[in-house]
Amino acid sequence: MADLNFPPLVLASSSSNIVAVAGATLIVQNLQTSKTISSPSVDNRAHQNGFIRHIAVSVDGKIIVSVGDDKSLKVWDVTADEIRLRSTRGLIKKASCVTLSPEGGIIVSDKVGDVYQYPLDPVPSDPSTSKPPMHAMVSDPTKNPECDYLLGHVSILTSHLTTPDPKHIISADRDEHIRVSRYPKSYVMERALFGHDSFVSALHIPSSHPNILISGGGDPSLRIWDWTTGSSLSKVDIYPAILPHRKVRSYMRKNRSKGRMRKTDETAISEHDVEGEEETFYSAPEGYILPSGQGVCIKKIESTVVEDKTIVVFFSEGASAIHSFIILSDLSSSPIVQTQSLPYPILDFTFLPNHDGKILLSLDTAWGVLKKNPGPGIESRQEAIPRDELHQEEKELLNGFFKAIQIGDNGELSEISDNSFSSSLIPSLPKTDIKTLSNLNLYPLINILPKWPGLEEEGIEGGDTPTPPIEEEADGISLAPTSMTARTFGGTKRNYTKEELTTMNSKVLGRLKSQGVDIGNLLVQRQKKAKEDRKKKAQEANERLKVQEEQRKVKAEEKESNKKRKTVQISEEEMGNA
């Protein structure tokens, strides 16, 4: 029975509107008139009818651009009375970020690593020309006649934004890269911002500081840059604020070595209760592994001005807390991070227009009631808690999607009682059933952005993945170093055995050496051995060439001898006949 509300996955705001996205439905509330309107109703079964993941809203709120799981790029017109679909186009690949360009077009980045610019309205096709086949546009993005190709990365592109000038576009990817390129001639890259050690998943330029870029992802800190020069200005330590509030973690992969799965301890798996155990963010039962990192993934960074102070607000995907800090006049100083905890993981937030320092949050109230972290052998991104029906009290708790937060002039966050948004937005949410709600994948980034030791380029050549060290406590917060990091913020230094080091490839050893790990003379030995191997192979190749040359000469001599013998025999026969 479809009597449960879809959770509001995305929130945004314009000069006078709040925009919420639930399933494939857009909901717009005008804060001036308190009127709420919705897009035409559709079948909101997840992953089948345009489950919307990303939106972009114009400043005046009259245009909304949405991208769904079905790779549909839709443009909507918003009036006082309705949300009308203006156009629909199909994307070649799934989008990871969508924004409106300074000229009023649409900039889309995809998960393959490309950035395109579409006109706001589709360009009529020329009937005299045929559209290239799909495989051609997939392999060569420049052949897509519906858009202009801007730039590309060699990894999953996570975020992009155009600068206030607006002569530049900044893009970030899974491989720790941040690029500053010219716009719209984005094939010219002006500079790269180096410093992140993990993926970058969020970018932001405060309107009050147009030369400052704030970036974050899986690192222990947010980084503050002067993007115009490429210099790193400061770091903001965030692990102590985020780690105690993690709720959702990545799933576990089966650990395979040399093409064979490691022997699994079935007893350990059956007795392993995933839910509620802090250590499962770092360790997994024998035969399974988790991605590297601490389970932190910064999803959104925004800023506002309160009492002439610029306050930056951010949150980590799957965590049940929102955080803030003040941009200090002395950027080299470390600001204090303020935290407001919440009962459920945060899905999104937006600043309320014309409400100084007020934030609207959306929460995943079904977490812990209908779904939990997946245990070993659970292939899906989360594990559903079997429920046939819910009590009325539980249904009421599930409807507590929205929370209002007030920012003080000192950057402090505090929850306030404001039911005006809930009372107007919740009745407009589309309906669904228990099964669909239990299987909604609302946390995609924590599964695709962290890297998997032993399964990617950071992996180990042969042998099993080194077992993570026993956790230690730092300032009352549970921390565990990753298998690829010698020292983490507030964490411990990993000591590797000689046997572990000998199983690692040269790239990994180089990283560990740069982090202060004593790897002995392994790299020198490998370089020497590689040189000897090359020399030996060259000698063997030369010997094979000599043998082949000798065999060729022998065959040539035999062929010439046979030719002469045949000529003599023919001459004798001709003389006899004569």
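Predicted model only: the values in this text are computed from it and were never measured.

Q: How would you summarise the overall build of the protein chain if you had to cite specific residues and measurements?
A: In terms of helices and strands, the protein chain carries ten helices and 38 strands. Considering only intrachain contacts with a sequence separation of at least 6, the fraction spanning at least 24 residues in the protein chain is 54%. Here the protein chain displays about 28500 Å² of accessible surface, and carbon together with sulfur accounts for 48% of that area.

Q: With reference to specific residues and values, describe the confidence of the model for the protein chain.
A: Averaged over all residues, the pLDDT of the protein chain is 84; the fraction at 70 or higher stands at 84%. For residues 258–277, every residue scores under 50 in pLDDT, and the model assigns this stretch 33 contacts once sequence neighbours within four places are set aside.

Q: Would you mind going over the packing of aromatic side chains in detail, with residue names and values included?
A: Each aromatic ring pair is specified by the distance between its two centres and by the angle formed by the two planes. As enumerated under the stated definition, the model contains eight aromatic pairs in all. On the basis of an interplanar angle of 65° and a centroid distance of 5.9 Å, the ring pair of Y116 and Y149 is categorised as edge-to-face. In this pair, Y116 is assigned in strand β12 (residues 114–118) and Y149 in strand β13 (residues 148–152), connecting sequence segments 33 residues apart. Looking at Y116, the relative accessible area reads 5%, which means it is buried. Residue Y149 is classed as partly exposed on the basis of its relative accessible area, which comes to 31%.

Q: Explain the sheet that holds strand β11 (residues 106–110) to me, using residue names and the numbers behind them.
A: In sheet architecture, strand pairing relies on hydrogen bonds along the backbone and comes in two forms, parallel and antiparallel. The four strands lie next to each other as β10-β11-β12-β13, forming an open sheet whose pairing is antiparallel. Every other strand in the sheet has two partners, leaving β10 (95–100) and β13 as the edge strands with one partner each. Here the strands of the sheet are splayed against their neighbours by 20° on average, with no regard to which way each runs. Bridge count for β12 against β13 is four bridges, and the pairing is antiparallel.

Q: Requested: an account of the pattern of salt bridges, with residues and values cited.
A: By the definition in use, this model includes 19 salt bridges. The closest approach of N and O atoms between K395 and D3, which form a salt bridge, is 2.9 Å. With K395 in helix α4 (residues 392–398) and D3 in the segment before β1 (4–5), this residue pair connects regions lying 392 residues apart in the sequence. Look at D3 and you get partly exposed, because its relative accessible area is 30%.

Q: Residue-level account of the sheet that holds strand β2 (residues 10–13), with values.
A: Spatial strand order, β2-β3-β4-β5: four strands in an open sheet with antiparallel pairing. If you trace the sheet from one side to the other, it starts and ends with β2 and β5 (36–38), each paired once. Recorded for the sheet is a direction-independent mean angle of 20° between the axes of neighbouring strands. Alignment of β2 against strand β3 (residues 17–22), held across four bridges, turns out to be antiparallel. Across the sheet, residue L11 finds its bridge partner in β3, namely A20.

Q: Outline the pairing of strand β28 (residues 321–326), listing residues and values.
A: Burial of β28 is extensive: six of the six residues sit out of reach of the surface. With four bridges joining them, strand β27 (residues 309–316) and β28 adopt antiparallel strand pairing. Considered in β28, the bridge of V313 is made with S324. The loop that links β27 with its antiparallel partner β28 comprises four residues; one of these, G318, has a positive phi angle of about 85°. The sheet contact formed by β28 and strand β29 (residues 338–341) spans four bridges and is antiparallel. Residue pairing for β29: S324 is matched across the bridge by Q338.

Q: Would you mind going over the nonpolar core in detail, with residue names and values included?
A: Counting 47 residues, the largest nonpolar core has L26, I55, I64 and L360 as its most contacted members. Those elements that place two or more of their residues in this core are β2, β3, β4 (25–30), β6 (52–57), β8 (72–78), α5 (420–425) and α6 (434–438). Element by element, the count of residues in this core is highest for β3, at five residues. Leave out the neighbours within four places in its chain, and I55 touches V10, A12, V19, V21, L26, I64, V65, S66 and V98. Ranked by size, the runner-up nonpolar core spans 19 residues in total, among them I212, V236, V296 and V337.

Q: Before we move on, could you go through unusual backbone geometry and cite the residues and values that matter?
A: A cis amide bond links D165 with the next residue in sequence, P166, at an omega value of -10°. Among the secondary structure elements, P166 is positioned in the loop between β14 (157–162) and β15 (168–173). At E176, a residue that is not glycine, the phi angle is positive and equals roughly 70°. With respect to the secondary-structure elements, E176 resides in the loop between β15 and β16 (178–182). Even without being a glycine, D308 presents a positive backbone phi close to 65°. Tracing the sequence through the fold places D308 in the loop between β26 (298–306) and β27.

Q: Could you give me a rundown of the side chain of S316, with the residues and numbers involved?
A: Position of S316 relative to the elements: it lies in strand β27. Sequence-distant contacts of S316, that is, excluding residues within four places in its chain, are made with I242, G295, V296, C297, I298 and K299.

Q: Account for the environment of P124, with residues named and values stated.
A: In this structure, P124 sits in the loop between β12 and α1 (134–139). Between the C-alpha atom of P124 and that of E146, which follows or precedes it by 22 residues, the distance is 9.1 Å.

Q: Go over the environment of F315, please, and point to the residues and values.
A: Inspection of the secondary structure puts F315 in strand β27. Sequence spacing of F315 and L347 is 32 residues, and the spatial spacing of their C-alpha atoms is 9.2 Å. Once residues lying within four places of it in the same chain are set aside, the contact partners of F315 are C297, I298, K299, K300, A321, I322, H323, I346, L347, D348 and F349.

Parameters and conventions
- Residues numbered from 1 in each chain as written.
- Predicted model: local features only at pLDDT ≥ 70, side-chain atom pairs only at ≥ 80, totals over all residues.
- Heavy atoms only, no water.
- Helix = DSSP H or I, 4+ residues; strand = E, 2+ residues; numbered from the N terminus.
- Contact = heavy atoms within 4.5 Å.
- Areas by Shrake-Rupley, 256 points an atom, 1.4 Å probe, with all protein chains shown as cover.
- pLDDT = per-residue confidence, 0-100.
- Phe/Tyr/Trp six-rings, centres within 6.5 Å; stacked < 30°, edge-to-face > 60°.
- Buried < 20%, exposed > 50% of the residue type's maximum accessible area, 1.4 Å probe, protein only.
- Pairing = 2+ DSSP bridges.
- Axes fitted to C-alpha atoms, helices over the stretch in contact; angles between N-to-C directions.
- Salt bridge = Lys/Arg side-chain N within 4 Å of Asp/Glu carboxyl O.
- Core = buried A, V, L, I, M, F, W, Y, C linked by side-chain atoms within 4.5 Å.

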